Amino acid sequence: MADGSITKRCGCRHNGKRLGVKCPKLRRGNGWNPHHGMWAYQLELPPDATGARRQLRRAGFDSRNAAATERDRAQALLDLGGTDRLLRRHVADLLHRLRHGEPLPDRDTLARDLHTTPASGDAGAPTAGTPLTLGVYLTTWITDVTGLAPATLRSYRDHLNKYWIPKLGDVPLHTLTAGHIQSVFAGIEARNAEILTARQSTLQSVRDSVKGVRTVGPASMHRILATLRKALNDARRLYRHRLVDHNPAESVILRSGAPPKPRLWTASAVNRWRHTGRRPSPVMVWTPQQVGEFLDYVDAHDLELSALFDLAVHRGPRRGELAGLHDYDVDLTANELTIVDQRTSVGYKVIEKAVKSAAGDRVVPLAKDTVAGLHEYLTRRAAWKLSAGERWHHSDVFFVRRDGRPWHPELITTRFDRHVTNAGLPPIRFHDLRHTAATLMLAAGAGIKEIQDTLGHASYKLTADTYTSVLQELKHSTAEATTKLIPRRRNRVGDREAEGGHRTAA
């Protein structure tokens, strides 16, 4: 039975208002007046993409049977989608956009067009005979997909709304090709080139137009493609009608998205950066001397976060892991901490969750100096609590602000960036403290497996490939300092330069 109603109404008015179904002339005795009014039906449609209710209302029928017949035909069109909510919504879109007097789509034609036949005509709002478009599918898919972490879901939505729906939303789903997809990345590359060119412009106004505008790197492009690939795989495997027979996203070739190798802030690299503003790599690592300068600076200027920064430098926990440490995770008697949870941010909203892999769930040993620094922090924290009194925010989070509130992860990064600038140090990201810790452990003689376990890497190969190259830079940069530790009667470099000078003078 169709989920709808049948009524009789007319166009009579009283005091300027249409009477509709309330007109007294519609009835005659206990039945309907066959000479007054027209029959109409109303059919409940599936909600639209926003979840709003809607109905199909059609009037102008000479008999109740005629109205019931068309209502049942409309219901049959909805039933073409079976239990597939996506297809039912698409058919409902077609029905809801019918103009007054326009006939319902032919059932057989619509059944064929839903899955196989491309439409001709208006590429805007769906009309009868229009196949399911990529934009309609993706809009529904992102509301139906389940089991995703909040950050992943946000990332998916950003990719769909910024790239796939605006660029390819009108393309029929079954006609989507690798060429369509590749064109989107060609557009991204073109925009990257525009941004880079503008940054080098001699005109200040042009440079200002791209201030703060970031290019899209290879790794980000791979993530953007992965979102579409996931959506199309679901279209191929999960939906009852097998919306696509193959996944064109699997045929798209992009530049390598391998993360850049860390580079060391050697003296020459710092000198080049100070003159040009360019970093040798997006991922940079401080030398031991630079680490010492930073820790000395925060000890003098930020007693709230100095212990957190010290722990980040020496043991390399992730920002979310540091912010998510609880008092019961830190055992200063056993000189170790247990990393189980993390506090991350999605759209600045703090999310507390378990670490994302089995390797991330780990016990990290602490050096005596680090333990001493954490004891000093706990002493300061106790003083803050006493000073705050009733204003103290009670929690079991280990690193807190002066009023006891846990740190927002983004605020930790903001404070870190400000300290790096004020200390006059070459820039690194907060996450690069993790790379710095790994490099220092390597230089101190730690094995790759030990570093892997300390950092919580799932892959031994990842640890080895990431840090062995920067270790070579570190060894090279410390070679000069090592030779100067050995006293000699003469300075070979100085003597050689002096001899060269004598020869030149001669």
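As the structure is a computational prediction, the values presented were derived from the model and not from experiment. (Residues numbered from 1 in each chain as written. Predicted model: local features only at pLDDT ≥ 70, side-chain atom pairs only at ≥ 80, totals over all residues. Heavy atoms only, no water.)

Secondary structure assignment for the protein yields 18 helices and 13 strands. Among the 506 residues that make up the protein, the fraction classed as buried is 41%. Taking the intrachain contacts of the protein between residues at least 6 apart in sequence as the baseline, contacts between residues at least 24 apart amount to 59%. Counting every atom, the protein has about 28200 Å² of accessible surface; 52% of that belongs to carbon and sulfur. (Helix = DSSP H or I, 4+ residues; strand = E, 2+ residues; numbered from the N terminus. Buried < 20%, exposed > 50% of the residue type's maximum accessible area, 1.4 Å probe, protein only. Contact = heavy atoms within 4.5 Å. Areas by Shrake-Rupley, 256 points an atom, 1.4 Å probe, with all protein chains shown as cover.)

This brings us to the sheet that holds strand 9 (residues 330-331). Sheet architecture is open: three strands sit in the order 9-10-13, paired in antiparallel fashion. In this open sheet, the two strands that pair with only one neighbour each are strand 9 and strand 13 (362-365). The pairing of strand 10 (residues 336-339) with strand 13 spans four bridges and is classified as antiparallel. Bridging across to strand 13, Leu337 finds its partner in Val364. (Pairing = 2+ DSSP bridges.)

Right, let's get into the sheet that holds strand 1 (residues 4-14). Reading across from one edge, 2-1-5-6 is the order of the four strands in this open sheet, with antiparallel pairing throughout. Of all the strands in the sheet, just strand 2 (17-20) and strand 6 (54-61) have a single pairing partner and so form its edges. On average, adjacent strands in this sheet sit at an angle of 35° to one another, irrespective of strand direction. Bridging between strand 5 (residues 38-45) and strand 6 involves seven bridges; their strand directions are antiparallel. What sits directly across from Leu43, in strand 6, is Leu56. Helix 1 (residues 64-78) rests against strand 1, strand 5 and strand 6 of the sheet, and its axis sits at about 20° to strand 5. In the packing of helix 2 (residues 85-96) onto the sheet, contacts are made with strand 5 and strand 6, and the angle to strand 6 comes to roughly 40°. (Axes fitted to C-alpha atoms, helices over the stretch in contact; angles between N-to-C directions.)

One can expect most non-glycine residues to show negative phi and most peptide bonds to be in trans. Phi at Asn15 is positive, roughly 55°, even though this residue is not glycine. Mapping Asn15 onto the fold places it in the loop between strand 1 and strand 2. Of the residues examined, Asn15 reaches a relative accessible area of 71% and is grouped as exposed. We note that Asn335 has phi near 55°; this positive angle belongs to a residue other than glycine. Topologically, Asn335 is positioned in the loop between strand 9 and strand 10.

Limitation: the analysis is restricted to geometry and does not speak to function.
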